[in-house]
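Tertiary structure, described
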Amino acid sequence: MRTVDGRVAGRRGQATRQKLLDCLSEMLSSSPYRDVKVIDVARKAGTSPATFYQYFPDVEGAVLEIAEEMAAEGAGLTELVAGRSWAGKSGWQAAQELVDGFLEFWRKNDAILRVVDLGAAEGDKRFYKIRMKILNSVNSSLSESIAELQSKGRVDKDVNPAAVAGSLVAMLAAVAAHQKGFQSWGVKQAELKPNLALLVHLGVTGKKPTK
C-alpha cells in the first residue's frame, strides 16, 4: 500500500487510509456525489485535507478505489450462475437465487453503484470498465448456460445466447437500481423477486418454470 508520492504506507497509514474510505462511503450514502468535498471527508475521519491528499489525488480517485473493491466483490456473482442446472425445478431455483443475489448486491452497494452509473453514463471509461466488470461476472456465465441448453436442443436454434444473456443482465441491473421506485407502483419487494425470476427463467429456457 503506497502513498500518492510512492512511499510505502505503514500500519497506521493504512488504517488512516481505510478510515478515509469508510467515511467517504458513508457520506456517499447520504449526500450527492458532487457535494462531497475533501475537507468534509477529512473532518469526518478526524484528520486533515493534507493527510487525505497523501493517499488519494482527489475525491474521485478515492471513489474509484471503493468502486474497484466493490467490483472485486461483484465477481462473486458469477457463482450464482456458473455450473447451475436450468432443467425442471432446478431452473426455477437458479432463477430465484440469481435474482435474490443480484438485488441484494445492488442494495448493499447502492451508494457507490449510483456513482459508478453516473460516471459511466457521462462517458468516463474508468467507471464504465468497473460497471462492465460487475455485469460481465453474470453475463458470461448466463450466456454459456443458454448456449449449453441450445446445444442440447432445449432452446430454439435461432436464439443468440449472448444477446439474451446481455438483455437479461441489463434488465436485472435496471430493476436492481430502481428497487425503491417499484413501491410507488404498488409493487412490494416480496412480489418483485418471483416475478423478476419468472422473466429470467423464461429468458434462459424459453419456458415457464416448474415450481
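Going by the structure above, here's the rest.
Let me begin by describing the structure that accompanies this report. All residue numbers refer to position in the chain's written sequence, counted from 1. Only residues with pLDDT of at least 70 are given local features in this predicted model, and only at 80 or more are side-chain atom pairs given and counted; all residues enter the totals for whole chains, interfaces and linings. Side-chain descriptors were evaluated using all non-hydrogen atoms of the structure, hydrogens and water having been removed beforehand.

Once that is clear, we can look at the nonpolar core. For this analysis, a nonpolar core means a set of buried residues of the types Ala, Val, Leu, Ile, Met, Phe, Trp, Tyr and Cys, connected via side-chain atoms within 4.5 Å. Classification of residues uses two cut-offs on accessible area relative to the type maximum, computed with a 1.4 Å probe and protein chains only: under 20% is buried, over 50% is exposed, and between them is partly exposed. Core analysis: the biggest nonpolar cluster contains 63 residues, and Leu24, Leu28, Val63, Trp106, Ile134 and Leu142 have the highest contact counts within it. Only DSSP runs of H or I with at least four residues qualify as helices, and only runs of E with at least two residues qualify as strands; both kinds are numbered from the N terminus onward. Ranked by the residues each element gives to this core, the list is headed by helix α5 (residues 88–108), at nine residues. Any two residues whose heavy atoms approach within 4.5 Å are treated as being in contact. With sequence-adjacent residues up to four places away left out, Leu24 is seen in contact with Val36, Val41, Val59, Ala62, Val63 and Ile66.

This part is about the packing of aromatic side chains. Note on ring pairs: Phe, Tyr and Trp rings are taken, using the six-membered ring of Trp, and paired if centres are within 6.5 Å. Classes follow the plane angle, with under 30 degrees stacked, over 60 edge-to-face and the rest tilted. Taken as a whole and judged by the stated rule, the model has five aromatic pairs. Each ring, one from Phe182 and one from Trp185, has its centre 5.2 Å from the other, and the planes form 80 degrees; the classification is edge-to-face. Put simply, the rings of Phe52, Tyr53 and Phe56 touch in pairs and so form one group of aromatic residues.

The definitions used throughout rest on a 1 Å grid laid over the protein atoms alone, on which a cavity is an enclosed set of points accommodating a 1.4 Å probe that cannot get out and a pocket is an open set flanked by protein within 12 Å on both sides along at least five of seven lines; lining residues are those having an atom within 4 Å of a point. Grid points are joined across faces, edges and corners, and a volume is the space filled by probe spheres set on the points. Taken as a whole, the largest pocket holds about 240 Å³ of empty space. Along the wall of the largest pocket there are 17 residues; nearest its centre are Ser25, Ile66, Lys108, Asn109 and Ile112. For the lining of the largest pocket, the elements supplying multiple residues, two or more each, are α1 (11–30), α4 (59–74), α5 and α6 (110–121). Sort the elements by how many residues they give to the lining of the largest pocket and α1 lands first, with six residues. Residues are grouped as follows: Ala, Val, Leu, Ile, Met, Phe, Trp, Tyr, Cys and Pro are nonpolar; Asp, Glu, Lys and Arg are charged; every other residue, Gly included, is polar. Residue composition of the lining of the largest pocket, by class: six nonpolar, four polar and seven charged. As for the second largest pocket, its lining consists of Trp106, Arg107, Asp110, Arg114, Ala176, Ala177, His178, Gln179, Lys180, Gln183 and Gln189. Within the residue set of the lining of the second largest pocket, elements represented by two or more residues are α5, α6, α8 (161–177) and α9 (179–184). If one sorts the elements of the lining of the second largest pocket by residue count, α9 sits on top with three residues.

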